[in-house]
Amino acid sequence: MNTKIITATIVSLSILMAACVSFKLKNTDSSSIMKNVVFYPNTDFNFVPPATHPGYTIHSATIADKILTIDFSYKGGCSDHGFDLMFNGRYMKSMPMKASLYLIHETTDSCEEDLRQQFRYDLSKLLPENQKKLIIKLYGYDLNLVLEE
């Protein structure tokens with residue numbers, strides 16, 4: 001009787017571990033994923049992101065042809081992670097104008113595997129009318145980026 005219980009437990013754990021590993025491989029696919037910027041026009045004007053990064057590190061960010069490419073890493077491997085690029089619809093009055101973007105990370109994953117991924121975000125709707133250039137301040141990334149017409 002005890003042998004059946006032990007065998008069933010080992011089989012169950014093996015299946016669970018295999019599912020976690022297969023998701024990790026799928027989640028760290030090297031191809032970039034194209035996404036749209038999420039506009040949050042009702043966000044409080046005084047919105048301040050958390051003092052610490054919400055579970056990710058941005059390694060590089062570039063803009064080419066109005067596409068923002070972000071290469072970043074995070075911990076996980078056992079459940080889904082959501083990454084939205086948030087813009088509150090407000091521009092800083094300067095020449096050229098500036099906009100702040102925030103990479104929002106949503107997950108309940110408690111696994112600790114180091115994962116790396118690349119997302120691409122379409123910024124074509126972000127450039128205000130009559131503007132040829134916009135400075136992008138990406139939260140968690142030290143360099144300013146330039147979006148040009």
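Residues numbered from 1 in each chain as written. Predicted model: local features only at pLDDT ≥ 70, side-chain atom pairs only at ≥ 80, totals over all residues. Heavy atoms only, no water.

### Quick word on the side chain of Asn-88
(1) Moving on: In this structure, Asn-88 sits in the loop between strand S5 (81–87) and strand S6 (97–107).
(2) Moving on: On the basis of relative accessibility, which here comes to 10%, the residue Asn-88 falls in the buried class.
(3) Moving on: At a separation of 3.0 Å, a polar atom in the side chain of Asn-88 contacts the main-chain amide nitrogen of Arg-90. (Helix = DSSP H or I, 4+ residues; strand = E, 2+ residues; numbered from the N terminus. Buried < 20%, exposed > 50% of the residue type's maximum accessible area, 1.4 Å probe, protein only. Polar contact = N/O pair within 3.5 Å; in protein donor to acceptor, adjacent residues only side chain to side chain.)

### Focus: the packing of aromatic side chains
When we look at a pair of aromatic rings, we describe it by the centre distance and by the angle of the planes.
(1) Moving on: Inspection of the entire model under this criterion finds eight aromatic pairs.
(2) Moving on: Measuring from centroid to centroid gives 5.5 Å for Phe-72 and Phe-119, while their planes differ by 50°, and the two rings are tilted. Taken together, the residues Phe-72 in strand S4 (residues 67–76) and Phe-119 in strand S7 (residues 113–122) connect sequence positions 47 residues apart. Phe-119 carries the same exposure label as Phe-72, and that label is buried.
(3) Moving on: Note on Phe-87 and Tyr-91: the rings are 5.3 Å apart at their centroids and 55° apart in plane angle, and the pair reads as tilted.
(4) Moving on: A residue is classified by how much of its surface remains accessible, and Phe-87, at 1% relative accessible area, is buried. (Phe/Tyr/Trp six-rings, centres within 6.5 Å; stacked < 30°, edge-to-face > 60°.)

### Considerations on the nonpolar core
(1) Moving on: Among the nonpolar cores identified, the biggest contains 29 residues, and Leu-68, Phe-72, Leu-85, Leu-101 and Leu-138 are the most heavily contacted of them.
(2) Moving on: Breaking this core down by element, the ones donating at least two residues are strand S3 (56–64), S4, S5, S6, S7, strand S8 (133–138) and strand S9 (145–148).
(3) Moving on: A per-element tally of this core places S6 first, with five residues.
(4) Moving on: For Leu-138, the residues in contact, after removing those within four places along its chain, are Ile-58, Ala-61, Ile-70, Leu-85, Leu-101 and Leu-145. (Core = buried A, V, L, I, M, F, W, Y, C linked by side-chain atoms within 4.5 Å. Contact = heavy atoms within 4.5 Å.)

### Some thoughts on the pairing of S5
(1) Moving on: Judged by how many residues are buried, S5 sits mostly within the fold: five of seven residues are covered.
(2) Moving on: Sheet analysis places S5 next to S6, joined by six bridges and oriented antiparallel. When the bridges of S6 are listed, Phe-83 appears paired with His-105. (Pairing = 2+ DSSP bridges.)

### Concerning the pairing of S6
(1) Moving on: Inspection of the sheet shows S6 paired to S8 by five bridges, in the parallel sense. Bridge pairing in S8 places Lys-98 opposite Ile-135.

### Considering the pattern of salt bridges
Note that side chains of opposite charge can pair when their charged atoms are close.
(1) Moving on: All chains considered together, the criterion is met by two salt bridges.
(2) Moving on: One salt bridge connects Lys-75 with Asp-114, and the closest N-O pair in it is separated by 2.5 Å. Here Lys-75 is found in strand S4, whereas its partner Asp-114 is found in strand S7, with 39 residues between them in sequence. (Salt bridge = Lys/Arg side-chain N within 4 Å of Asp/Glu carboxyl O.)

### Observations concerning unusual backbone geometry
(1) Moving on: A cis amide bond links Met-95 with the next residue in sequence, Pro-96, at an omega value of -5°.
(2) Moving on: Structurally, Pro-96 can be placed in the loop between S5 and S6.
(3) Moving on: With a phi angle near 65°, Asn-130 is a residue other than glycine that sits in the positive phi range.
(4) Moving on: Relative to the helices and strands, Asn-130 is located in the loop between S7 and S8.
(5) Moving on: Judged by its relative accessible area of 77%, Asn-130 is exposed.

### Remarks on the confidence of the model for the protein
(1) Moving on: When the pLDDT values of the protein are averaged, the result is 74; 64% of them are 70 or greater.
(2) Moving on: Model confidence for the protein, summarised as mean pLDDT per element, is weakest for helix H1 (residues 2–27) at 42 and strongest for S9 at 95. (pLDDT = per-residue confidence, 0-100.)

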